[in-house]
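Residue-level structural notes
Below are the chains, spelled out letter by letter.
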Amino acid sequence: MATTTQKLVVEVIDARNLVPKDGHGASSPYVVIDYYGQRKRTRTVTRDINPTWNEVLQFNVEKPSDVFNDMLELDVYHDKNHGPTSRKNLLGRIKLSSEQFVKKGEEALIYYPLEKKYLLSWVQGEIGLKIYYADEVAPPPPVATPPVEETKAEEVKAEPPSDSAAAPVSSDQQPATAEVKPNDSPASSVVGDPAPAPSEPPAEGEKAKEAAPAGEENGAADGEKPAEGADQVDPEADSQSAQPDHPDDDIVLEPTSANWAPTPPPEIMASTSGSIPEIKVARTTSAPPPITRPATPTNYASSVGPPDHTPIEQSSFDLVEKMHYVFVKVVKAGSLPTNGNPVVKIAISGCRVTSKPARKAMYFEWDQTFAFARDAPETSSFLEVSVWADAGGANFLGGVCFDATEIPLRDPPDSPLAPQWYRLEGGGAHRGDLMLATWIGTQADEAFPDSWKSDTAGNPINSRAKIYLSPKLWYLRASVLEAQDILPLTALKEGSFQIKVQMGFQVQKTKVSVSRNGNPSWNEDLMFVAAEPFGDHLIFYLEYRQSKGPVTLGVVGISLTAIERRVDDRKVISRWFNLEDPKNEKKGYKGRVHLSLCFDGGYHVMDEAAHVCSDYRPTARQLWKPAVGTLELGIIGCKNLLPMKTINSKGSTDAYTVAKYGSKWVRTRTVSDSLDPKWNEQYTWKVYDPCTVLTIGVFDSWGALDIDGRIEATRPDSRMGKVRIRISTLETGKVYKNTYPLVMLGNCGVQKMGELEVAVRFVRAAPTLDFLHVYSQPLLPLMHHIKPLGMAQQEMLRSTTVKLLAAHLSRSEPPLRSDVVRYMLDADSHTFSMRKVRANWSRIVNVLSGLIDIVRWIENTRAWKNPTATILVHALLVMLVWFPDLIVPTLAFYVFVIGVWNYRFRSRDKLPHFCPKISLADTVDRDELDEEFDTMPSTQSPEIIRVRYDKLRAVGARVQNILGDFATQGERVQALVTWRDPRATGIFVGLCFVVAFLLYLVSPKMVAMAFGFYYFRHPLFRDRMPSPAMNFFRRLPALSDRIM
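Residues numbered from 1 in each chain as written. Predicted model: local features only at pLDDT ≥ 70, side-chain atom pairs only at ≥ 80, totals over all residues. Heavy atoms only, no water.

**Considerations on the overall build of the protein**
The criterion, for reference: In this text, helices come from DSSP runs of H or I with a minimum length of four residues, and strands from runs of E with a minimum of two, each type numbered from the N-terminal end. Each residue is placed in one exposure class: buried if its accessible area under a 1.4 Å probe, protein chains only, is under 20% of its type's maximum, exposed if it is over 50%, and partly exposed if it falls in between. Whether two residues are in contact is decided by their heavy atoms: any pair within 4.5 Å suffices. Method for areas: the Shrake-Rupley scheme with a 1.4 Å probe, in which residue coverage is limited to the protein chains shown.
Within the protein one finds 18 helices and 40 strands. Here the protein holds 1044 residues, and 40% of them are scored as buried. When contacts within the protein are restricted to residue pairs at least 6 apart in sequence, those whose partners lie at least 24 apart make up 70%. Of the roughly 59100 Å² that the protein leaves accessible, carbon and sulfur atoms contribute 57%.

Below you can see the structure in the form of structure tokens.
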């Protein structure tokens, strides 16, 4: 059978602007690539600083090793055989991590700048590569064919064992497996063996002897396939086929079915001895004994020793609290006196649950796990497990009772507890057997996610915590250039044409082009958002604009999978596409359109607002930088939640939490009917940029009512508030465990919905210098600066992205509903709000308050309100005037002192959160809230709309006056030299000439010191009237008198 091996393919395309090294202004470069101990090189291109190789190098993808790292190293050398040099000269090198490589089909040509190997090396230029993973099917090694006579003789000899090995084994003749029923003889029962497991592992030979019967049984059950293959293989041919055909190649072929050998005893020991002692230990020291009832004989398992009550080890959930659960895993039952589908009923601490009906096979099978919340591990209670003939509880078939104090404790990395058989009691003369396992664990148990949970009301969909991944999003750039041969319009003198482009629900149109010869041109770029996997088509419609409406002349559809991908701003080759008749199913030529299509992988597809973005990486994985750290989030629980709905005349809340960072979404399980829910779930993200934001939202689920078939289950989930945490505000390695208020702003004002308790920790993984270097890098990828997108275009694309994400995540199970996604992404945050206008104005005033304080301090210094400070300012003025080189160092030192002084008063409170005071949510008017949360278009009465419009006009008049004042001051500055007022301009120009003449004669230091002393003169020598310079400036003309 052929095997598939993974290869790393490196296509070395070309290089540009290399350093000349041959002494004649050129170089003879070649490329050497090292990957996992494999070294390969390209040919040498002689005397060319812009060489082209177009060579493909393949490397085996090995498993992670301590010797070789996962870096690909590429070196460009100058060949010493060409030129006067006697040694090879390094022209540059690059190092790439394997995390940047993509699978085949996603590769793109990328030009990497060459880096220096040493500090004083002279390196320049860049090299173009395509790197991707590809699967290669390796042909099986040829098997040598023996002579005909020998082959026939071997077949005759091999007939008896092959027939016996290939004979099918019936189910009645199959040997007993590891599962032993309690009604078997005690000698063959593993449970009945009182001998404990040996304290020391047996010798290797003894383990092989013990494991041999089990291995033979497995071989018989599988039809002796390995033995049959081993009998039919010639040893000489096998030894020859094991040798590789190319000894110099690095490829190592995996063994095929033709050269399988019998498994050595140590491997059999490793595969079987790990299971048999585990069953013995589980059944002799860890399984809880059922409580023996006086009316029945002693149970067969009552001789089992008491469980080992060891303290639970600390789990990996170190940011959250441990929640203890009683786990009951019901596997199957046998010897039940019923032909229906029995059910299992479990009762503990007042909580009762019924399993699903059993599947009828050789046994009655359930294979279902239940988790019952347990507040205190030492609470005394009884666990009752009973089997009934049907869900109505009409026929009791028997049960088992356990003392909860005898249930063993288990916490990973402990191995799972093996289920075992228990004899059912109280079901009459005919007793059945039930296989189950019960233990006390935490939410870190691997059985917890898929188990039935008592705190989720048994809802199978919302009881599981889920992780969602956003689809890979691309910007699709469609450049519509021109069209030709528009046949129906040859007789027309002039026509207006337009291209409409549609991809799914996205529709865009070009501008209207007027053409007289039927060859319109547009030269316009249209941007779309596409999500992998690509299923839609990009459809272009050529429309002819008429007074009655547009008429479609031709259409062409292009599959998204055929569109080229790029990661930089290189030019994409344009193509001509034939237009077809939209009314006729048969293909007919209706002209052609010139298009340039590509996926731009160098952009980051914005799904969040820029100031609260959680990821800035580009779409193309090849451009990703290594992660700088890890973010760990522990969602502990909520307190004092408000009841969001009424069920059976009782307030209820079914809360769950959603957290979003980057492309990873997490959703906790839904805790039903609790105002103080506890989740205690922990999640981890990789951090690529510390200046990002983690968003956590709390919602009330209506999906919990889906089990009753109610209509309310389709209602959107209610929002209860969210929390934002900026990663850059977290110290490395410190755990922040805080309680945040959940605040919602609605039509009725601010309302506190409860409190959310979370624990956050950021662990830095990159070196300190690399981590600090991130702060000097641009937030957005390079393409946003080379070909920037407009603000309106970005908002349009972001709105489209939110719709795509909402549609994708709503198709998951359980679905992440559209209203939840829109709330987490702040899709409605850009609506007009008078409250936000006033809040932003307050922020501007707060920012300018520092500048206002400086101006006020200067005025107080001029007024000599503090004579000591004014004298010191004069001394500082003299020092800075005579030693101007001290100005910049003095300012820098002053800022340093301010920063150190403010460090003493830094905020030591919990992480910043939504502030109703800054948002002006506490003082907002009710009418403004109605306007903020009104739909678009408005549904209010005309009278309310008129009041809002009048208020908006008043605000607009104020903004209009402020803008007019700014324009007036700027026009007065321009009037100084434009001679609009000849006398004013003459005075200003004359003064400038006098000042220039004086500064040529007098030292500028003397003039500056004189001006400083004059400015800070005592109020006794100062006039209260405005200065002549201010009076002169205010008299200059502006264009305000010409505004109508």
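From this point, the narrative continues.
**Topic: the nonpolar core**
Here is the rule we go by: Residues enter a nonpolar core if they are buried and are Ala, Val, Leu, Ile, Met, Phe, Trp, Tyr or Cys, with the set joined through side-chain atoms within 4.5 Å. Domain delimitation follows an automatic or database domain assignment.
One finds Y475, L631, L633, W665, W685 and L756 to be the most contacted residues of the largest nonpolar core, which totals 62 residues. Ranked by the residues each element gives to this core, the list is headed by helix α9 (residues 791-809), at 6 residues. The residue makeup of this core includes at least three contributed by each of domain 3 (472-589) and domain 4 (621-702 + 716-825). Ignoring anything within four residues of it in the chain, the contact list for W685 reads G629, T630, L631, L633, A659, Y661, K664, V666 and L694. V45, W53, F101 and L114 belong to the second largest nonpolar core, which has 31 residues in total.

**Topic: the packing of aromatic side chains**
Working definition: an aromatic ring pair is given by the centre-to-centre distance plus the angle between the planes. Defined as follows: Pairing of aromatic rings covers Phe, Tyr and the six-membered ring of Trp, with a centre-to-centre limit of 6.5 Å; geometry is then stacked below 30 degrees between planes, edge-to-face above 60, and tilted otherwise. Here, a charge over a ring is recorded when the distance from Lys NZ or Arg CZ to the ring centre is within 6 Å and its angle to the ring normal is within 35 degrees.
Overall, the coordinates contain 27 aromatic pairs when judged by the stated rule. The interplanar angle of 70° and the centroid separation of 6.2 Å between the aromatic rings of Y35 and F59 together place this pair among those described as edge-to-face. Taken together, the residues span a long stretch of sequence, with Y35 in strand β2 (residues 29-35) and F59 in strand β4 (residues 52-60) at a distance of 24 residues. By relative accessible area, which is 2% here, Y35 ends up buried. Pairing F372 with W452 gives two aromatic rings, centres 5.7 Å apart and planes at 55°, and the pair type is tilted. Within this pair, whereas F372 is found in strand β14 (residues 364-374), its partner W452 is found in strand β19 (residues 452-453), the two being separated by 80 residues in sequence. Taken individually, F372 and W452 each receive the classification buried, so the pair is uniform in this respect. Put simply, the rings of Y325, F327, W439 and F448 touch in pairs and so form one group of aromatic residues. A cation over a ring is seen here: R41 above Y30, with NZ or CZ 3.9 Å from the ring centre.

**Things to note about the packing of helix α12 (residues 867-882) against helix α17 (residues 1004-1015)**
Quick note on the threshold: Orientation is described by lines fitted to C-alpha atoms, with helices fitted over the stretch in contact, and by angles between N-to-C directions that extend from 0 to 180 degrees. Each angle is binned into one of four classes, with values under 35 degrees roughly parallel, values over 145 roughly antiparallel, values of 65 to 115 roughly perpendicular, and all other values oblique. Here a crossing is taken to be left-handed if its near helix is turned anticlockwise relative to the far helix by less than a right angle, and right-handed if that turn runs clockwise. Amino acids are sorted into nonpolar (Ala, Val, Leu, Ile, Met, Phe, Trp, Tyr, Cys and Pro), charged (Asp, Glu, Lys and Arg) and polar (every other residue, Gly among them).
Between α12 and α17, whose axes approach to 9 Å, the crossing angle comes to 165°. The angle between the axes of α12 and α17 places the two elements in the roughly antiparallel class. The crossing of α12 and α17 is right-handed. Contact with α12, carried on its side by H874, L877, V878, V881 and W882, involves K1005, M1006, A1008, M1009, G1012 and F1013 of α17 and no other residues of that element. Its residues assigned to classes, the contact of α12 with α17 comprises 8 nonpolar, 2 polar and 1 charged.

**Brief notes about the layout of surface pockets**
The condition that has to hold: Residues are called lining when one of their atoms sits within 4 Å of a cavity or pocket point, these points coming from a 1 Å grid over the protein atoms alone, where a cavity is a set in which a 1.4 Å probe fits but cannot get out and a pocket is an open set with protein on both sides within 12 Å along at least five of seven lines. Grid points are joined across faces, edges and corners, and a volume is the space filled by probe spheres set on the points.
When its volume is computed, the second largest pocket comes out at roughly 1600 Å³. Considering the residues around the second largest pocket, the lining is formed by 43 residues, among which Q100, L623, W624, K625 and Q777 are closest to the centre. Every element with two or more residues in the lining of the second largest pocket is listed here: β6 (89-97), β8 (110-113), α7 (768-773) and α8 (783-786). Considering only residue class, the lining of the second largest pocket consists of 26 nonpolar, 6 polar and 11 charged.

**Thoughts on unusual backbone geometry**
The omega angle of the peptide bond from E532 to P533 is -5°, so this bond is cis rather than trans. Relative to the assigned elements, P533 resides in the loop between β25 (521-531) and β26 (537-544). P814 follows E813 through a cis peptide bond whose omega is 0°. Here P814 lies in the loop between α9 and α10 (818-824). A positive phi is found at N54, a non-glycine position, where the angle reads about 55°. Summarising the element assignment, N54 is placed in strand β4.

**A closer look at the environment of E931**
Inspection of the secondary structure puts E931 in helix α14 (residues 926-932). Among the residues examined, E931 registers a relative accessible area of 17% and is labelled buried. Sequence separation of E931 and R835 is 96 residues, and the distance between their C-alpha atoms is 9.8 Å. Excluding residues that lie within four positions of it along the chain, E931 makes contacts with F832 and R948.

**Considering α9**
Worth spelling out the cut-off: An expected span of 1.5 Å times one less than the residue number is assigned to each helix.
With 19 residues, α9 should reach 27 Å at 1.5 Å per residue; the first-to-last C-alpha distance of 27 Å fits that figure. Among all positions of α9, only L797, R798, T800, T801, V802, L804, L805, A806 and L809 are buried. Lining the buried residues of α9 we find β20 (466-469), β21 (473-484), β23 (506-509), β25, β35 (664-667) and α10.

**Here we look at the UniProt feature "transmembrane region" (unreviewed entry) in the protein**
Note the cut-off: UniProt positions are given in the numbering used here, feature names are shortened, and annotations may be inferred rather than shown by experiment.
Annotation from UniProt places "transmembrane region" (unreviewed entry) at residues 871-901 and 987-1016. Spanning residues 871-901, this segment combines 87% helix with 0% strand, and its end C-alpha atoms are found 24 Å apart. Across residues 987-1016, helical content stands at 90% and strand content at 0%; the span's end C-alpha atoms are separated by 26 Å.

**A short note on the sheet that holds β6**
Strand-to-strand pairing in sheets goes through backbone hydrogen bonds, with the strands running parallel or antiparallel. Note the threshold: By the convention used here, strands pair only if DSSP detects at least 2 bridges between them.
With antiparallel pairing, the 4 strands of this open sheet are ordered in space as β3-β2-β5-β6. Both outer strands of the open sheet, β3 (38-41) and β6, are each paired with one neighbouring strand and no more. The average undirected angle you get between the axes of adjacent strands in this sheet is 15°. As judged from the 4 bridges shared by β2 and β3, these two strands associate in the antiparallel manner. Bridging across to β3, V32 finds its partner in R41.

**Brief notes about the environment of P716**
For P716, the position within the fold is in the loop between β37 (693-700) and β38 (718-726). Separated by 103 residues in the primary sequence, P716 and D819 have C-alpha atoms spaced 6.6 Å apart. Residues in contact with P716, not counting those within four places in the same chain, are W702, R817 and D819.

**Regarding the sheet that holds strand β39 (residues 735-746)**
One open sheet holds the 4 strands; their spatial order is β36-β31-β40-β39, and the pairing between them is antiparallel. The open sheet has two edge strands with one neighbour each: β36 (678-687) and β39. With direction set aside, neighbouring strand axes in the sheet form an average angle of 25°. Strand direction decides the pairing type here: strand β31 (residues 629-639) and strand β40 (residues 749-764), joined by 10 bridges, are antiparallel. For G637, the partnering residue across the bridge sits in β40 and is E757.

**Here's the deal with empty space enclosed by the protein**
Per the stated rule, a full pass over the model turns up 5 cavities of 30 Å³ or more. The space that makes up the largest cavity amounts to roughly 50 Å³. Of the residues belonging to the lining of the largest cavity, the class tally is 5 nonpolar, 1 polar and 4 charged. Residues from two domains meet in the lining of the largest cavity; each of domain 1 (4-137) and domain 3 (472-589) gives at least three.

**Overview of the side chain of Q420**
Just so we agree on the cut-off: Nitrogen and oxygen atoms within 3.5 Å of one another constitute a polar contact, given that in protein one can donate a hydrogen and the other can accept it, and given that sequence-neighbouring residues count only through two side-chain atoms.
Inspection of the secondary structure puts Q420 in strand β17 (residues 420-423). Engagement of the side chain of Q420 in a polar contact is seen with the side chain of Y422, the distance being 2.7 Å.

**Quick look at the pattern of salt bridges**
Put simply, the test is: Here a salt bridge means any side-chain nitrogen of Lys or Arg lying within 4 Å of a carboxyl oxygen belonging to Asp or Glu.
In total, this model carries 38 salt bridges according to the counting rule given. In this structure, R566 and D600 form a salt bridge, with 2.5 Å as the shortest nitrogen-oxygen distance. With R566 in strand β28 (residues 565-566) and D600 in strand β30 (residues 592-600), this residue pair connects regions lying 34 residues apart in the sequence. Its relative accessible area of 3% is what places R566 among the buried residues. Taking the shortest distance from any N to any O, the salt bridge between K660 and D607 comes out at 3.1 Å. Here K660, found in strand β34 (residues 655-661), pairs with D607, found in the loop between β30 and β31; they are 53 residues apart in sequence, far enough to count as distant. It is possible to trace a salt-bridge network through shared partners that takes in E73, D75, R93 and K95.

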